[in-house]
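These are the residues of each chain, in order.
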Amino acid sequence: MQSRSLRAFLALHQFGTVTAAAQAVHLSPAAVSVQLRNLEEELGVELFVRTGRSILLNDRAHQLVPLARQILDLQAEMASLGDSRTLKGRLALGVITSTLSGGLPEVLRRLSADHPSLELRITAKRSPDLALQVEAGVLDAAVISMPPPHVSTSLGFHALYTEPLALVMSAQRSFTSVKAALQEHPYIAFDKTTWIGKQIETFLADSGLTVHPVMELDSHDAVLSLVRHDIGVTVLPVLKGPARHDGALKFVDLPGTYRTVCLAVRPANSGSRATQVLISCFREFGQTSPLSK
């Protein structure tokens, strides 16, 4: 049974429409429809109620959902049985968007070099969204911010590396203290519905720091772009890699405050060869790519 058909099926279950499922699995709506038909033909049962342009899961399809997740987990476990040191097949990996500007390109370069037969499918979204897709079986794993303690989930989390939180301001501005910078200048907030946004908000509240938000964005790069143009100041994690080389920005670390980047996987996949390779690659990146000041 092909993993592509099962992922298309699970994406439809999670998102409710063929169009949304297609976006999640990086296929066209027509291709997703083909995968769903293939799944029905392979099983020899009808799984959907098709009415006009809509498609709904019937009772048999809902029974298939947990089985489909188990099959994908078993396929990952079976792939770990071989003696080959290189990974093969497809790996659906979610990443928080900020890693595209930080550590991800270097890790992808290494993965491609060490595992040339591995086909990676990358999905970039917010941490809460990616965690749900891993839990649903749409993704094999995801590189995300460590969730807050109150988040209820069945996933396992493997810490990869940490990134300190810092006050970020235009290099044109003079710095006296964190408190003065945050209270005297407009504040550009990172999306408070994300896990790192909640962490930053909690830090500000616990530290008794008052800010004057003028806007709230969900893009790390967008926030830095505005700060670079001296529109305001912000608090963000300093990404592993080239972040501090930006001469237009000034970074002031907030001691003892950091974001933990982790790999989220379903418990059945925690010991798989693919999981271990991803953990190794990202942890090595975290150790060999220090934050340059």
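Residues numbered from 1 in each chain as written. Predicted model: local features only at pLDDT ≥ 70, side-chain atom pairs only at ≥ 80, totals over all residues. Heavy atoms only, no water.

Topic: the domain arrangement of the protein chain
Right, so step 1: In terms of domains, the protein chain is made up of domain 1 (3-81), domain 2 (89-160 + 261-288) and domain 3 (162-259).
Right, so step 2: Of note, the centres of domain 1 and domain 2, computed from C-alpha atoms alone, are 22 Å apart.
Right, so step 3: Of the residues lining the interface, 15 residues belong to domain 1; the matching set on domain 2 comes to 19 residues.
Right, so step 4: Interface area, domain 1 with domain 2, both sides summed: about 1400 Å², of which 44% is carbon and sulfur.
Right, so step 5: On the domain 1 side of the interface with domain 2, the three residues burying the most area are R7, Q14 and D73, jointly 37% of the side's total.
Right, so step 6: The interface formed by domain 1 and domain 2 contains two salt bridges. (Domains from an automatic or database assignment. Contact = heavy atoms within 4.5 Å. Buried area = accessible area lost by both parts, 1.4 Å probe. Salt bridge = Lys/Arg side-chain N within 4 Å of Asp/Glu carboxyl O.)

Overview of the packing of aromatic side chains
The geometry of two aromatic rings is summed up by the distance between their centres and the angle between their planes.
Right, so step 1: In the structure shown here, the tally under the stated rule is two aromatic pairs.
Right, so step 2: For the ring pair Y161 and F285, a centre distance of 5.8 Å and an interplane angle of 65 degrees mean the geometry is edge-to-face. Of the two residues, Y161 is situated in strand β6 (residues 156-170) and F285 in helix α10 (residues 273-288); the sequence distance between them amounts to 124 residues. The same class applies to Y161 as to F285, namely buried. (Phe/Tyr/Trp six-rings, centres within 6.5 Å; stacked < 30°, edge-to-face > 60°. Helix = DSSP H or I, 4+ residues; strand = E, 2+ residues; numbered from the N terminus. Buried < 20%, exposed > 50% of the residue type's maximum accessible area, 1.4 Å probe, protein only.)

Examining the environment of S280
Right, so step 1: Counting through the fold element by element, S280 comes out in helix α10.
Right, so step 2: Placed 120 residues apart in sequence, S280 and L160 show a C-alpha to C-alpha distance of 8.4 Å.

Considerations on the side chain of S5
Right, so step 1: Checked against the element boundaries, S5 lands in helix α1 (residues 3-15).
Right, so step 2: Judged by its relative accessible area of 3%, S5 is buried.
Right, so step 3: Only 2.6 Å separates the side chain of S5 from the side chain of Q35, close enough to count as a polar contact.
Right, so step 4: Setting aside chain neighbours within four positions, we find S5 in contact with Q35, N38 and L39. (Polar contact = N/O pair within 3.5 Å; in protein donor to acceptor, adjacent residues only side chain to side chain.)

A look at the pattern of salt bridges
Oppositely charged side chains can pair when the atoms bearing their charge come close.
Right, so step 1: Applying the stated criterion to the full structure yields 13 salt bridges.
Right, so step 2: For D114, the salt bridge identified is with R110, shortest N-O distance 3.3 Å. Highlighted residues: D114 and R110, both in helix α5 (residues 104-114), separated by four residues, approximately one helical turn.
Right, so step 3: A salt bridge links D230 to R173; the shortest N-O distance between them is 2.7 Å. With D230 in the loop between α9 (220-228) and β9 (234-237) and R173 in the loop between β6 and α7 (178-184), this residue pair connects regions lying 57 residues apart in the sequence.

Description of α1
Right, so step 1: Relative to the 18 Å expected for 13 residues at 1.5 Å per residue, α1 spans 18 Å between its end C-alpha atoms, a close match to the ideal helical length.
Right, so step 2: For α1, the complete set of buried residues consists of S3, S5, L6, R7, A8, F9, L10, A11 and L12. (Expected span 1.5 Å × (residues − 1).)

Examining the packing of α1 against helix α2 (residues 18-25)
When two helices pack together, their arrangement is captured by the angle between the axes and the distance separating the axes.
Right, so step 1: Here α1 crosses α2 at 125 degrees, and the two axes come no closer than 8 Å. Considered as vectors, α1 and α2 are oriented oblique to each other. Of the two elements, α1 crosses α2, and the hand of that crossing is right-handed. On α2, the residues that touch R7, A8, A11, L12 and F15 of α1 are V18, A20, A21, A24 and V25.
Right, so step 2: Its residues placed into classes, the contact of α1 with α2 shows nine nonpolar, no polar and one charged. (Axes fitted to C-alpha atoms, helices over the stretch in contact; angles between N-to-C directions. Parallel < 35°, antiparallel > 145°, perpendicular 65-115°, else oblique. Left-handed = near helix turned anticlockwise from the far one by under 90°. Nonpolar A, V, L, I, M, F, W, Y, C, P; charged D, E, K, R; others polar.)

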